[in-house]
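Okay, here's what each chain looks like letter by letter:
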Amino acid sequence: MDIVNVKQPKVFESVFHRYYASLCYFANKFVHDEEAARDIVQEVFLRFWESQGKFANETALKSYLYLCVQNAAINYLDKLHTREKANRSMEWKILDEEDVFCFQVETDVFEEVFAAIEELPLECRRIFKMSYMEMLDIKTICEQLDVAESTVKTQRQRAKKYLRERLQHLYPVVIFMFF
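For clarity, every value in this text was computed on a predicted model and none was experimentally measured.

Undergrad: I keep staring at the overall build of the chain and nothing clicks. Help me out?
TA: Counting its secondary structure elements, the chain contains nine helices and two strands. Walking the chain from its N terminus toward its C terminus, one meets helices and strands in the order β-α-α-β-α-α-α-α-α-α-α. Across the 179 residues of the chain, 35% fall into the buried class. Considering only contacts within the chain whose residues lie at least 6 apart along the sequence, 69% involve residues at least 24 apart.

Shown next as structure tokens:
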């Protein structure tokens, strides 16, 4: 991709939707507070919108966003005077580069998973999110969407099959990260 100009509202909106969830996940790895992580990412995007807004390519843009979120999360911890407490509870003296790298790899994997979920057809995606992200049971989904139980089960199976095929290249990374 050539120069990315985020001062264009449609480009900014696209960048926001593409990276918001994964940046929240990344911020939460530092602060261990989902609401604070969302606030941090929203603040980063606000400053991002106010910035010059031109990047050489998509990679430079992504690196900039992750670095801003990392710095904002560390600043958040400093302001709350909880950094030492968090380090003791995690038995870390400092947050080293390897930990940050692992957080970034894990976040990249989740970013790809979130993107794959967004590729699902609308009803399939909605049922998948309700079932596996909102943790709603089949009966509740049926009631909220006014659909048959067989529809919910079929859509969940379709989503899982698609995601399994679409994300199979990530299996070695996931095994490395979580086991």
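Next comes the rest of the write-up.
Undergrad: I would appreciate a short explanation of the nonpolar core in the present structure.
TA: Soluble globular proteins: nonpolar side chains tend toward being buried together. Leu-23, Val-31, Val-41, Phe-45, Phe-48, Leu-65 and Val-69 are the most contacted members of the largest nonpolar core, which totals 28 residues. It is helix α1 (residues 9-31) that provides the largest number of residues to this core, a total of ten residues. Val-109, Ile-117, Cys-124 and Leu-170 belong to the second-largest nonpolar core, a separate cluster that totals ten residues.

Undergrad: Hey, could you run me through the confidence of the model for the chain in this one?
TA: In low-pLDDT segments, the atomic positions of the prediction should not be examined closely. Summarising the model, the chain shows a mean pLDDT of 83, and 83% of its residues fall at 70 or more. Of all helices and strands in the chain, the one with the weakest mean pLDDT is helix α4 (residues 83-90) (60), whereas helix α7 (residues 138-145) scores best (94).

Undergrad: Please clarify how the environment of Glu-149 should be interpreted in this entry.
TA: Considering the arrangement of structural elements, one finds Glu-149 in helix α8 (residues 149-166). The partly exposed category is assigned to Glu-149, whose relative accessible area is 44%.

Undergrad: Please clarify how a negative patch on the surface should be interpreted in this entry.
TA: On the surface, Asp-33, Glu-34, Glu-35 and Asp-39 cluster together into a negatively charged patch. Its location among the elements puts Glu-35 in helix α2 (residues 34-50). By relative accessible area, Glu-35 is classed as exposed at 53%.

Undergrad: Explain the packing of helix α6 (residues 122-133) against α7 to me, please; I cannot follow it from the model alone.
TA: To characterise two packed helices, one gives the angle between the axes of the helices and the distance between these axes. Viewed as axis vectors pointing N to C, α6 and α7 meet at an angle of 140°, and their least axial separation amounts to 10 Å. Judged by the inter-axis angle, α6 sits oblique to α7. The interaxial crossing formed by α6 with α7 has right-handed handedness. Between α6 and α7, the contacting residues are Arg-126, Ile-127, Met-130 and Ser-131 on the first element and Ile-141, Gln-144 and Leu-145 on the second. Partitioning the contact of α6 with α7 into residue classes produces four nonpolar, two polar and one charged.

Undergrad: Help me out: how do you make sense of the pattern of salt bridges in this one?
TA: Side-chain pairs of opposite charge can arise where the charged atoms are in close proximity. Tallied over the full model, the rule gives eleven salt bridges. Of the charged contacts in the structure, one is a salt bridge between Lys-29 and Glu-106, with a shortest N-O distance of 3.0 Å. One end of the pair, Lys-29, is in helix α1; the other, Glu-106, is in helix α5 (residues 97-118), with 77 residues separating them in the sequence. Accessibility expressed as a relative area gives 11% for Glu-106, which makes it buried. Ionic pairing is found between Glu-119 and Arg-166, a salt bridge with its closest N-O pair at 2.9 Å.

Undergrad: Where do I start with the packing of aromatic side chains in this structure?
TA: Each aromatic ring pair is summarised here by two numbers: the centre-to-centre distance and the angle between the ring planes. For the structure shown, the criterion picks out ten aromatic pairs. Note on Phe-26 and Tyr-66: the rings are 5.1 Å apart at their centroids and 70° apart in plane angle, and the pair reads as edge-to-face. Within this pair, whereas Phe-26 is found in helix α1, its partner Tyr-66 is found in helix α3 (residues 58-79), the two being separated by 40 residues in sequence. The two residues Phe-26 and Tyr-66 agree in class, both being buried. Aromatic ring contacts, followed pair by pair, group Phe-16, Tyr-20, Phe-45, Phe-48 and Tyr-64 into a single cluster.

The rules we used
Residues numbered from 1 in each chain as written. Predicted model: local features only at pLDDT ≥ 70, side-chain atom pairs only at ≥ 80, totals over all residues. Heavy atoms only, no water. Helix = DSSP H or I, 4+ residues; strand = E, 2+ residues; numbered from the N terminus. Buried < 20%, exposed > 50% of the residue type's maximum accessible area, 1.4 Å probe, protein only. Contact = heavy atoms within 4.5 Å. Core = buried A, V, L, I, M, F, W, Y, C linked by side-chain atoms within 4.5 Å. pLDDT = per-residue confidence, 0-100. Patch = residues over 30% accessible without salt bridge, like charges linked within 9 Å, V, L, I, M, F, W, Y side chains within 5 Å. Areas by Shrake-Rupley, 256 points an atom, 1.4 Å probe, with all protein chains shown as cover. Salt bridge = Lys/Arg side-chain N within 4 Å of Asp/Glu carboxyl O. Lys, Arg positive; Asp, Glu negative; His and termini not counted. Charge placed at Lys NZ, Arg CZ, Asp CG, Glu CD. Axes fitted to C-alpha atoms, helices over the stretch in contact; angles between N-to-C directions. Parallel < 35°, antiparallel > 145°, perpendicular 65-115°, else oblique. Left-handed = near helix turned anticlockwise from the far one by under 90°. Nonpolar A, V, L, I, M, F, W, Y, C, P; charged D, E, K, R; others polar. Phe/Tyr/Trp six-rings, centres within 6.5 Å; stacked < 30°, edge-to-face > 60°.

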